[in-house]
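# Reading the structure
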Amino acid sequence: SNFDQVISFSGEKITAETVSAALGLAGAEVITRIIGSISSKESKTALDVVANLVDSGHDLRNFCRDVLAVFRDLLIYKVSSGDASLVESSTLDPETLAAHAENFSESDLIRLFNSLAETEARLKDAVQMRYVLEVGLVKLIELGRVRPIEDILERLAAIESRGVSASAGFQTLASAAPEK
């Protein structure tokens, strides 16, 4: 049925652009913008992308799945030391994948993947898909602001090794935490 939809939309000449338009698929440029907005913590860019997708009639759940596949690929690329043969999505070329993988740690990618998978599952039953996707993307961006527990434990160990008590160390950590 997807192929019939593409044929009826594009006529006799089928191109990648007409397939994307007919099926409501987002291209690599849009996914790259989303990944960039997450790595640079720019919520406005992510919201602009969603607005453009809605205005263009894209399927938001398919888009979320595409981004999810790219985060999977980023994680696999990162933990496999750049083995592009393990990458399943053809959305990003290996050079672009490598560039984006550098912006995230393995634990970041796992957290982002899990959060996005939750968003994708919620889209299935959502009455307002746009709202669910927007909040899900902003949540991904906010996850990037959270300090990993390993960093906090390392700082605490360093404080304790200097002879400061654990309670004083927690007060130091609490006062050093970014304010919201």
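You'll find the structure just up there.
Bear in mind the structure is a predicted one, so any value in this text is a computation, not a measurement.

### Re the overall build of the chain
Per the secondary structure count, the chain includes ten helices and zero strands. Ordered by position from the N terminus, the helices and strands of the chain form the series α-α-α-α-α-α-α-α-α-α. In the chain, buried positions account for 32% of the 180 residues. Taking the intrachain contacts of the chain between residues at least 6 apart in sequence as the baseline, contacts between residues at least 24 apart amount to 59%. As displayed, the chain offers around 10500 Å² of accessible surface, 54% of which is attributable to carbon and sulfur atoms.

### Some details on the nonpolar core
One finds Ile34, Ile35, Ile38, Phe63, Phe71, Leu74 and Leu133 to be the most contacted residues of the largest nonpolar core, which totals 34 residues. When residues of this core are traced back to their parent elements, those giving at least two are α3 (28-39), α4 (43-56), α5 (60-79), α6 (94-101), α7 (106-125) and α8 (129-143). It is α5 that contributes the most residues to this core, ten residues altogether. Filtering out sequence-adjacent residues up to four positions away, Ile38 remains in contact with Phe71, Phe104, Leu112, Leu140 and Ile141.

### Remarks on helix α9 (residues 149-161)
Note that an α-helix has 3.6 residues per turn; residues three or four places apart therefore point the same way. For α9, with 13 residues, the first-to-last C-alpha span of 18 Å sits near the 18 Å given by 1.5 Å per residue. Backbone geometry just after α9 places Gly163 at a positive phi near 90°.

### Some thoughts on the packing of α4 against α8
Between α4 and α8, the shortest axis-to-axis distance is 9 Å and the interhelical angle comes to 155°. Considering the angle they form, α4 stands roughly antiparallel to α8. In this structure, α4 meets α8 at a crossing whose hand is right-handed. Contacts between α4 and α8 involve Ser43, Ala46, Leu47, Val50, Ala51 and Val54 on the former and, on the latter, Arg130, Leu133, Glu134, Leu137, Val138 and Ile141.

Rules behind the numbers
Along each chain, numbering runs from 1 in the same order as the chain's sequence is written. Reporting of local features is limited, given that this is a predicted model, to residues whose pLDDT is at least 70; pairs of side-chain atoms are given and counted only at 80 or more, and all residues count toward the totals for whole chains, interfaces and linings. With hydrogens and water excluded, all non-hydrogen atoms of the structure serve as input to the side-chain values. Secondary structure elements are defined from DSSP: runs of H or I of at least 4 residues count as helices, runs of E of at least 2 residues count as strands, and each element is numbered from the N terminus. Here the term buried applies to any residue with accessible area under 20% of the maximum for its type, exposed to any over 50%, and partly exposed to those in between, with areas from a 1.4 Å probe on protein chains only. Residue contacts are defined here by distance: any two heavy atoms, one from each residue, within 4.5 Å place the two residues in contact. With residues, only the protein chains shown are counted as cover, and all accessible areas are computed by Shrake-Rupley using a 1.4 Å probe. Residue types Ala, Val, Leu, Ile, Met, Phe, Trp, Tyr and Cys, when buried and joined through side-chain atoms within 4.5 Å, form a set referred to as a nonpolar core. One fewer than the residue count of a helix, multiplied by 1.5 Å, yields its expected span. Axis angles are defined between N-to-C directions and span 0 to 180 degrees, where every axis is a line fitted to C-alpha atoms and, for a helix, only to the segment in contact. Any angle from 65 to 115 degrees is called roughly perpendicular, while one under 35 is roughly parallel, one over 145 is roughly antiparallel, and all others are oblique. Helix crossings fall into two classes, left-handed where the near helix is turned counterclockwise from the far one by less than a right angle and right-handed where it is turned clockwise.

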